[in-house]
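Structure assessment
One letter stands for each residue in the lines below.
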Amino acid sequence: SQQGEEDPQALSIQEGENATMNCSYKTSINNLQWYRQNSGRGLVHLILIRSNEREKHSGRLRVTLDTSKKSSSLLITASRAADTASYFCATAHGSSNTGKLIFGQGTTLQVKP
Amino acid sequence: DVKVTQSSRYLVKRTGEKVFLECVQDMDHENMFWYRQDPGLGLRLIYFSYDVKMKEKGDIPEGYSVSREKKERFSLILESASTNQTSMYLCASSLRGGNHQPQHFGDGTRLSIL
């Protein structure tokens, strides 16, 4: 399996702190995507970074990609209790019209008020 | 906004039953996917479809089949339900494209097989 791996598996921080989650993968990618899942709900797409990009921002989210190390990080700044969720990276490999992604096992983030 | 609707949030069935999970999307997406999610195992792809009547096996297709008769609907079928198929099932859809468009998920069906 080319499954990505997230690190850490679980993270607990105080409101206002920054949260950093990492994702590593094994083979070359087309793009890498981050998703959030609130408890008992489906996944929601957060951000997509292409293989030729190194950094991308969306609001309080900052994603970096290092293709030489086959790794990505998701930074959530000034975290809020509402950011409590599981976060997954997903990698897209090769050129394909099927849209198939490989999901990691996720990082569970708890933000304490 | 894309809406992916799964027919049931919770479902309880008995061992040996044939179980149908339905998924409908309203944004004319070509690609549709079925995953199961289990603690510690993340999302595992069961089957996916990139066009009407087309289907491809994912990583764990055993014990499952799918049907895509219309573009907006993708059904997952458990031919003879077993207790090890108790899980959260997630449906997703995406636009076709060489750039692997983001997937849009339904809220899931939590299936219990007794």
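Residues numbered from 1 in each chain as written. Chains lettered and ligands numbered in written order. Predicted model: local features only at pLDDT ≥ 70, side-chain atom pairs only at ≥ 80, totals over all residues. Heavy atoms only, no water.

**Considerations on the sheet that holds strand β1 (residues 5-7) of chain A**
The pairing of strands in a sheet happens through backbone hydrogen bonds and is either parallel or antiparallel. All names here are of chain A. Across the sheet, which stays open at both edges, the 5 strands sit in the order β1-β3-β8-β7-β6 with antiparallel pairing between neighbours. The outermost strands of the open sheet, each flanked by one partner alone, are β1 and β6 (55-58). Averaged over all pairs of adjacent strands, the angle between strand axes in this sheet comes to 15°, irrespective of strand direction. Sheet topology places strand β7 (residues 61-66) next to strand β8 (residues 71-76); 6 bridges connect them, and they run antiparallel. Considered in β8, the bridge of T64 is made with S73. (Pairing = 2+ DSSP bridges. Helix = DSSP H or I, 4+ residues; strand = E, 2+ residues; numbered from the N terminus. Axes fitted to C-alpha atoms, helices over the stretch in contact; angles between N-to-C directions.)

**Quick notes on the interface of chain B and chain A**
A common way to state how big an interface is: give the accessible area lost once the parts meet. At the interface, 26 residues of chain B touch 27 residues of chain A. Surface buried jointly by chain B and chain A totals about 2100 Å² across both partners, of which 51% is contributed by carbon and sulfur atoms. Run the count over chain B and chain A and you get 1 salt bridge. For R41(A), the salt bridge goes to D107(B), with nearest N and O atoms at 2.9 Å. Listed by contribution, the elements that provide at least two residues to the side of chain B that touches chain A are β4 (31-38), β5 (42-49) and β9 (87-94) of chain B. For the side of chain B that touches chain A, the class distribution of residues is 11 nonpolar, 11 polar and 4 charged. (Contact = heavy atoms within 4.5 Å. Buried area = accessible area lost by both parts, 1.4 Å probe. Salt bridge = Lys/Arg side-chain N within 4 Å of Asp/Glu carboxyl O. Nonpolar A, V, L, I, M, F, W, Y, C, P; charged D, E, K, R; others polar.)

**A closer look at the nonpolar core**
M21(A), L32(A), W34(A), L74(A), I76(A), Y87(A) and L109(A) are the most contacted members of the largest nonpolar core, which totals 21 residues. The next biggest cluster of nonpolar side chains, apart from the first, holds 20 residues, and it includes V19(B), I60(B), A81(B) and L111(B). (Core = buried A, V, L, I, M, F, W, Y, C linked by side-chain atoms within 4.5 Å. Buried < 20%, exposed > 50% of the residue type's maximum accessible area, 1.4 Å probe, protein only.)

**Some remarks on the pairing of β9(B)**
All names here are of chain B. Most of β9 is tucked away: 8 of the 8 residues are buried. Because side chains alternate across β9, one face comprises the buried residues S87, Y89, C91 and S93, and the other comprises M88, L90, A92 and S94, equally buried. The pairing of β9 with strand β11 (residues 109-113) spans 3 bridges and is antiparallel. When the bridges of β11 are listed, M88 appears paired with R110. Two elements, β9 and strand β10 (residues 104-105), share 2 bridges in a ladder whose sense is antiparallel. Residue S93 lies in a different strand from β10, and its bridge partner there is H104.

Purely geometric numbers; function is a separate question.
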